Amino acid sequence: MTENLTTALHIESYGRAREDDATTHEASLEKVRHVPTEGVNGPPKDSEAMIEASTRTSRIFDAKASVVLVGLQGTGKSSLAVMVSTICNLRLIEIDRHFRKVTGHSLNTHRKAFGIAAHHQALLEVLQAVLSTCQTGCVIVCNPVSMGRGAQAMIQDYTKSHPVIHVVRDVQSLHRCLPGRSRARIEHLMDVGGSALRACSNFEFYNLTEDISADSTTEDAEGVSEFRRLATGQISPKTPFLTLKRVEREFLKFLGQITGGVLTIPFRESTYPLSRIAVQSKSFTYAVRVPLKDILSGSCSIEDLEMACDLFEISVDNVSSSIDHEVTSASRLNEFGRALTIVRRDTVVPVMFHVQFGEVIAPGDGGLHHQQYRSLVAHCLRLGPEYVTVDLLLDDEVILQLSKGKGRSKLMGHHTFASRPSSGWEDGQCLMLFERACKLSLDACRINMPADKIWDNFALQNFRRRTYALQPDVALIAYNTGPIGRMSLCFNSTLTPVRPEGTGLPAIPSFPALTARECTRSLYASFVLEPMKFYIIGAAIAYTLSPAMHNAAYKCCGMPHSFLVWQTETLDVIRQMVNDDHFGGTAVNPPFKTEVIALTHSLSPHAKAIGAVNTLIPVRQSVPVDGQLSELSLFEERNRAGTVKFLHGDNTDWIGVRTCIRRGLSPINAVGPRTTGLVIGAGGMARATVYAMIQLGVQHIFLYNRSTTNAEKLAAHYNGSGFHALAPSAGSGMSCNEGHQHGRSVVRVIESLADPWPASFHQPTIVVSCIPAHDIAGNPAANFTMPRQWLQSPTGGVVVEMAYKPLATPLLEQIAAEAHRGWVTVDGLELLPEQAFAQFELFTGRRAPRKLMRAEALRNYWEAQKCDLGITQNSAQAEGQGIEHPLRD
Ligand SMILES: O=C1C[C@@](O)(C(=O)O)C[C@@H](O)[C@@H]1O
């Protein structure tokens, strides 16, 4: 393949002299082993100080600043760089290849020919030229450990103005790249080389290997990864190699967080409605606290732990009980990064690090523990989580220094009173702590103490009022601990610390006493929130799996809501729904997705652009400002009954489609200016699909539909000026991506399945079928399959099927047989829950328990398949109009 791809990747040269690297690497190892323990070239004398130094600057950079990836051989930094350069449209510069291009020598032959001093000087010059001429728009890759002290100092200096990311990996993966070295030796290299790399970088990313045997970023005996061979067309995709998708996702999330999304990362922005709301601005949010060791042990699934929570807190407990020198050892530090990547892999909520020292930190204490604690906090900041806690008893200047280097992370001041002060929350220390957090410009303040009597919980509310009067913008998380303090957890509104639900993790006494479900239940029991009724309406919805997913999710979150099926021929039912004070919202199914717009008073920007609504919510309180409703106020009024003032329409179908395309699209087919998408159908789902493709940056979209007239109408909707007036713009809450920056998407109609694929366009790599796969009202199913002449993409692609009745459609069966050519399928049962998660958020203002909803959809589908009983039950509900779907335990 593919000169085009090669060009797109901006890769300068592909040949790699293996023996060069190996020798250079070994030489550098020796060098690292023997350097004096000072400077950036060897194990630092004071590793804590080194770590802290890396967060001394603000670490907020120019929007276009080049990114540097540093790491030992085998950490996968080159593969990460290739991915990022492709997706973010950055120029890729690998220093060793560039050196060969400039000098005509490989590193090894140059060193042999000219001696070490001249070699280092030449390397330094090459590096200097690259760093100074490539200040913006590039991703630069190197291993400074093998480049001499001068080069390391130069890269260290670059951290003042650029993100320099240290890529770390597990011993086993490195071992594979350096066969013949003992594991102990590799560990030693990671320790020593790792310290040197930490000293010349300001961020750190842990590249998590899932399954070593399937990992395609690991370099082979020739030093070339499978990923690179694919990217450069040296091999064709025999497997979908989707394992890399996770790495891609994690790294893009990381980059998005550390750069604040300033890099053009089209895939990065989460489309979940709640992801657009700052987590600390919303009421009744929960932070699930999980010990670091439990994350590392892998004993629980992250999605189970995260269930119904808004933030994932990684708790590093009792650090000071470790042997002192181990606290900041390289392997210990690597554990932090590893845990963060494990969590980020499966969660959609922000992550917080909370380091707890067993020892109480006293103000002015300059002792060893104090120093180590500071270093661990600085190390957490290097990893780029959304939040990090900092002990409020540290000296002002220490907190200020950490705060200065926090980058895009938020710092939450934290204090635990080991015992209740004699006057509880009335004690002057409490207000002083909050005032310190404000004075030091921390983003939030968390204080807790053991409760003596139930009145301590009321006193806490009084304290909350006082802090709010003082500074309403600094979020206060205040609660009492112990059994008597549980009530205060229920009524703390922001990021209440909770323990994970039923995961089998041993209960730790110092851990939060309640789960998110328990807290939520108490809000309904005390009438703060109220039970609501949700519906799905449509003309033929007997088979829908939505009630099963939503009802199970309410139960799991502790909400007394119900989700009912209402099969109907007309939209009149909506008038009946809104007369009920407990109406919570309705999902909208064909044929009403467009028609229902007439009943709404406001639409989300997405629904407006798509011209279809699948989620309708009542508005009771919010008032539009300049014709727009604030998303936060819409969320804040969920779960509260009362007279409905008007209806707001949104669309979550496009979110489901976008997620499924992303999931199935291998990195090799990352969206570029010539990517082509094909949509089958021209109904409401097809509208949402075209929109999802536009949001992903696809600029050439083709429609095929049995009725060409309908396809043309749909194409005109998107091509017409009407749509472009509504197109995504900054501040609209929509992602603005490559497609919109580099060219406008155009939708074209392809008339016949017998037509050859238009020669001036690339073959489609993204195909979405939006037509039913079963008979409807006597009309036989279309049984669509792709004409062979439209399936010629040399890198395969993704085919998403919307229909799930039946699950194995003729199209999916056809494409499954093409897996060896790089084709990936995503079926209708993967898509259905994805749109439902966003719908759940819009209905309830809470994060959806995703794993549970997926499982419910599957379980109900297969139950219905097995004995046809599910179908009968659903039909009965539909006929009974509003009979609650039976919850299955
Ligand atoms: O189109 C669909 C599918 C669905 O109706 C179902 O339950 O099958 C649920 C709707 O929210 C979605 O827009």
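Procedures and definitions
- Position labels on residues start from 1 in each chain and follow its written sequence.
- For a predicted model such as this one, the threshold for reporting local features is a pLDDT of at least 70, and the threshold for listing and counting side-chain atom pairs is 80 or more; totals across whole chains, interfaces and linings nevertheless cover every residue.
- Neither water nor hydrogens contribute to the side-chain values; these are computed over all heavy atoms in the structure.
- Strands here are runs of E lasting at least two residues and helices are runs of H or I lasting at least four, both read from the DSSP assignment and numbered beginning at the N terminus.
- When checking whether two residues touch, look at their non-hydrogen atoms; a contact exists if any pair is within 4.5 Å.
- Only the protein chains shown count as cover for residues, and the accessible areas themselves come from Shrake-Rupley with a 1.4 Å probe.
- Within this scheme, the nonpolar core is defined by two criteria: the residues are buried Ala, Val, Leu, Ile, Met, Phe, Trp, Tyr or Cys, and they are joined through side-chain atoms within 4.5 Å.
- Each residue is placed in one exposure class: buried if its accessible area under a 1.4 Å probe, protein chains only, is under 20% of its type's maximum, exposed if it is over 50%, and partly exposed if it falls in between.
- Strand pairing requires that DSSP identify at least two bridges connecting the strands.
- Interaxial angle, 0 to 180 degrees, is taken between N-to-C directions of lines fitted to C-alpha atoms, where a helix line uses only the stretch in contact.
- By definition in this entry, angles of less than 35 degrees are roughly parallel, angles greater than 145 are roughly antiparallel, angles of 65 to 115 are roughly perpendicular, and the rest are oblique.
- The handedness criterion is simple: a crossing whose near helix is rotated anticlockwise from the far helix by less than a right angle is left-handed, and one whose near helix is rotated clockwise is right-handed.
- Throughout, the ten residues Ala, Val, Leu, Ile, Met, Phe, Trp, Tyr, Cys and Pro are labelled nonpolar, Asp, Glu, Lys and Arg are labelled charged, and all others, Gly among them, are labelled polar.
- Near residues are defined by distance, with any heavy atom within 4 Å of the molecule or strand qualifying the residue.
- Any pair of N or O atoms that falls within 3.5 Å is considered a polar contact. Within protein, one atom must be able to donate a hydrogen and the other to accept it, and sequence-neighbouring residues count only if both atoms are side-chain atoms.
- For the domain bounds, the source is a domain assignment made automatically or taken from a database.
- A pair is scored as a salt bridge if a Lys or Arg side-chain nitrogen falls within 4 Å of a carboxyl oxygen belonging to Asp or Glu.
- UniProt positions are given in the numbering used here, feature names are shortened, and annotations may be inferred rather than shown by experiment.
- When the strands point away from the viewer, a crossover counts as right-handed if the path from the first strand over the helix to the second runs clockwise.
- Residues enter a patch when their relative accessible area is above 30% and they make no salt bridge; the linking distance is 9 Å between like charges and 5 Å between nonpolar side chains (Val, Leu, Ile, Met, Phe, Trp, Tyr).
- An expected span of 1.5 Å times one less than the residue number is assigned to each helix.
- Only the six-membered ring of Trp is used, alongside the rings of Phe and Tyr, when aromatic pairs are assigned; centres must lie within 6.5 Å, and planes under 30 degrees apart are stacked while those over 60 apart are edge-to-face, with the rest tilted.
- In this description, one arc is meant: the one made by directions from the helix axis to the C-beta atoms.

Taking an unreviewed UniProt entry as the reference, the protein is identified by name as Putative quinate pathway repressor protein QutR belonging to Viridothelium virens.

Draft legend 1. Expanded view of the overall build of the protein. The number of helices and strands found in the protein is 33 helices and 25 strands. For the protein, contacts bridging at least 24 residues in sequence account for 79% of all contacts bridging at least 6. For the protein, the exposed area adds up to about 32,500 Å²; of that, 54% sits on carbon and sulfur atoms.

Draft legend 2. The arrangement of the nonpolar core in detail. Counting residues in hydrophobic clusters, the biggest one holds 151 residues, and the most contacted among them are Phe312 and Ile314. Sort the elements by how many residues they give to this core and helix α31 (residues 828–844) lands first, with eight residues. Non-local contacts of Ile314, meaning those with residues more than four positions away in its chain, are made with Val290, Leu292, Ile295, Ala339, Leu340, Val343, Val351, Met352, Phe353 and His354. Ile93, Ile95, Leu107 and Val171 belong to the second-largest nonpolar core, a separate cluster that totals 34 residues.

Draft legend 3. Seen up close, the sheet that holds strand β1 (residues 67–70). As summarised here, the arrangement of the five strands in space is β2-β3-β1-β4-β5, forming an open sheet in which the pairing is parallel. A single partner strand is all that each edge strand has here, and the edge strands are β2 (91–94) and β5 (203–206). On average, each strand axis in the sheet is tilted by 25° relative to the strand beside it, whichever way the strands run. In this structure, β1 lies alongside strand β4 (residues 164–168), joined through three bridges in parallel fashion. In the sheet register, Val68 faces β4, and the bridge partner there is Val164. The strands touched by helix α4 (residues 77–87) within the sheet are β1, β2, β3 (138–142), β4 and β5, with β3 carrying the most contacts at an inclination of about 175°.

Draft legend 4. Molecular detail of the packing of helix α25 (residues 653–664) against helix α26 (residues 684–695). Put simply, α25 and α26 touch, their axes get as near as 8 Å, and they point 55° apart. Taken together, the axes of α25 and α26 are oblique relative to one another. Our pair here, α25 against α26, has a crossing hand that is right-handed. Touching Asp653, Trp654, Val657, Arg658 and Ile661 of α25 are Met685, Ala688, Thr689, Tyr691, Ala692, Met693 and Gln695, all from α26. Residue classes in the contact of α25 with α26 are distributed as eight nonpolar, two polar and two charged.

Draft legend 5. Spotlight on the site of the ligand. The environment of the ligand is formed by 13 residues, the closest being Thr544, Ser546, Asn589, Lys593 and Asp653. Within the side chain of Lys593, an N or O atom sits 2.8 Å from an oxygen atom of the ligand. Its free accessible area being 320 Å², the ligand has 94% of it covered by the protein chains. Sorting elements by how many residues they give to the shell around the ligand places α31 first, with three residues.

Draft legend 6. The domain arrangement of the protein, seen in detail. Assigned domains of the protein: these are domain 1 (4–209), domain 2 (282–502), domain 3 (533–651) and domain 4 (655–836). Taken together, the contacts link 25 residues of domain 1 with 25 residues of domain 2. In this structure, the salt-bridge partner of Glu204 is Arg382, at a minimum N-O distance of 2.8 Å. One can count nine residue pairs in polar contact (both at pLDDT 80 or more) joining domain 1 with domain 2. Elements represented by at least two residues in the side of domain 1 that touches domain 2 include exactly α3 (47–53), β4, α9 (183–199) and β5. Per-element tally for the side of domain 1 that touches domain 2: the top contributor is α3, with five residues. Of the residues that constitute the side of domain 1 that touches domain 2, the class distribution is ten nonpolar, eight polar and seven charged.

Draft legend 7. Structural detail: the UniProt feature "domain: SDH C-terminal" (unreviewed entry) in the protein. Under the local residue numbering, the UniProt record ascribes the feature "domain: SDH C-terminal" (unreviewed entry) to residues 828–857. The span residues 828–857 carries 83% helix and 0% strand; its end-to-end C-alpha distance comes to 11 Å.

Draft legend 8. Summary view of the pairing of strand β12 (residues 475–481). Within β12, six of the seven residues are buried, which leaves it mostly tucked inside the rest of the structure. By the bridge criterion, seven bridges tie strand β11 (residues 444–450) to β12 in an arrangement that is parallel. Looking at β12, one finds that Pro450 is bridged to Thr481. In this fold, the crossover linking β11 to β12 by way of helix α18 (residues 455–470) has right-handed handedness.

Draft legend 9. Up close: a nonpolar patch on the surface. Residues Ile454, Trp455, Phe458 and Ile484 make up a contiguous nonpolar surface patch of about 410 Å² in total accessible area. Here Ile454 is to be found in the loop between β11 and α18. Owing to a relative accessible area of 41%, Ile454 belongs among the partly exposed residues under this scheme.

Draft legend 10. Broad picture of α26. Compared with an ideal rise of 1.5 Å per residue, which puts twelve residues at 16 Å, α26 spans 17 Å between its outermost C-alpha atoms and is within 8% of the ideal. Across the twelve residues that make up α26, a large majority, ten, are buried. Listing the buried residues of α26 in full gives Ala686, Arg687, Ala688, Thr689, Val690, Tyr691, Ala692, Met693, Ile694 and Gln695. One or two residues past the end of α26 sits Gly697, with phi positive at roughly 95°.

Draft legend 11. Local environment of the packing of aromatic side chains. For the coordinates displayed, the defined rule picks out 21 aromatic pairs. A ring pair is formed by Phe534 and Phe843, whose centres lie 4.9 Å apart and whose planes are at 35°; its orientation type is tilted. Of the two residues, Phe534 is situated in strand β14 (residues 533–538) and Phe843 in helix α31; the sequence distance between them amounts to 309 residues. Both residues of the pair, Phe534 and Phe843, count as buried. Measuring from centroid to centroid gives 5.8 Å for Tyr543 and Tyr804, while their planes differ by 65°, and the two rings are edge-to-face. Taken as a pair, Tyr543 in the loop between β14 and α21 (546–557) and Tyr804 in the loop between β24 (797–801) and α30 (810–816) lie far apart in primary sequence, 261 residues in all. Its relative accessible area of 24% is what places Tyr543 among the partly exposed residues. An aromatic cluster is defined as three or more aromatic residues linked by ring pairs; in this entry it consists of Phe702, Tyr704, Trp757, Phe761, Phe784 and Trp790.

Draft legend 12. The packing of helix α17 (residues 428–439) against α18, seen in detail. For the pair α17 and α18, interaxial distance at closest approach is 11 Å and the crossing angle is 35°. For the pair α17 and α18, the crossing hand works out as right-handed. On α18, the residues touching Cys430, Leu431, Phe434 and Glu435 of α17 are Phe463, Arg466, Thr467 and Leu470.

Draft legend 13. Spatial organisation of α18. For α18, built from 16 residues, the straight-helix expectation of 22 Å at 1.5 Å per residue is met to within 8% by its first-to-last C-alpha distance of 23 Å. All of the buried residues in α18 are Asp456, Asn457, Ala459, Leu460, Phe463, Arg464 and Thr467. Down the axis of α18, the smallest arc covering the buried residues is 155°, so these residues share one side. For α18, the exposed residues set more than 90 degrees away from the buried face come down to Trp455, Arg465, Tyr468 and Ala469. Looking at the buried positions of α18, the neighbouring elements they touch are α17, β11, β12 and α19 (486–491).

Draft legend 14. Spatial organisation of the sheet that holds strand β6 (residues 286–291). The parallel open sheet is built from eight strands, whose spatial order is β12-β11-β10-β9-β8-β7-β6-β13. Taken across any chain shown, the strands that pair with only one partner, and hence form the sheet edges, are β12 and β13 (496–498). Across the sheet, the axes of successive neighbouring strands diverge by a mean angle of 25°, strand direction being ignored. As judged from the five bridges shared by strand β9 (residues 387–391) and strand β10 (residues 410–416), these two strands associate in the parallel manner. Counterpart to Asp391 in the pairing with β10 is His414. Seen against the sheet, α18 touches β11 and β12 and runs at an angle of roughly 165° to β12.

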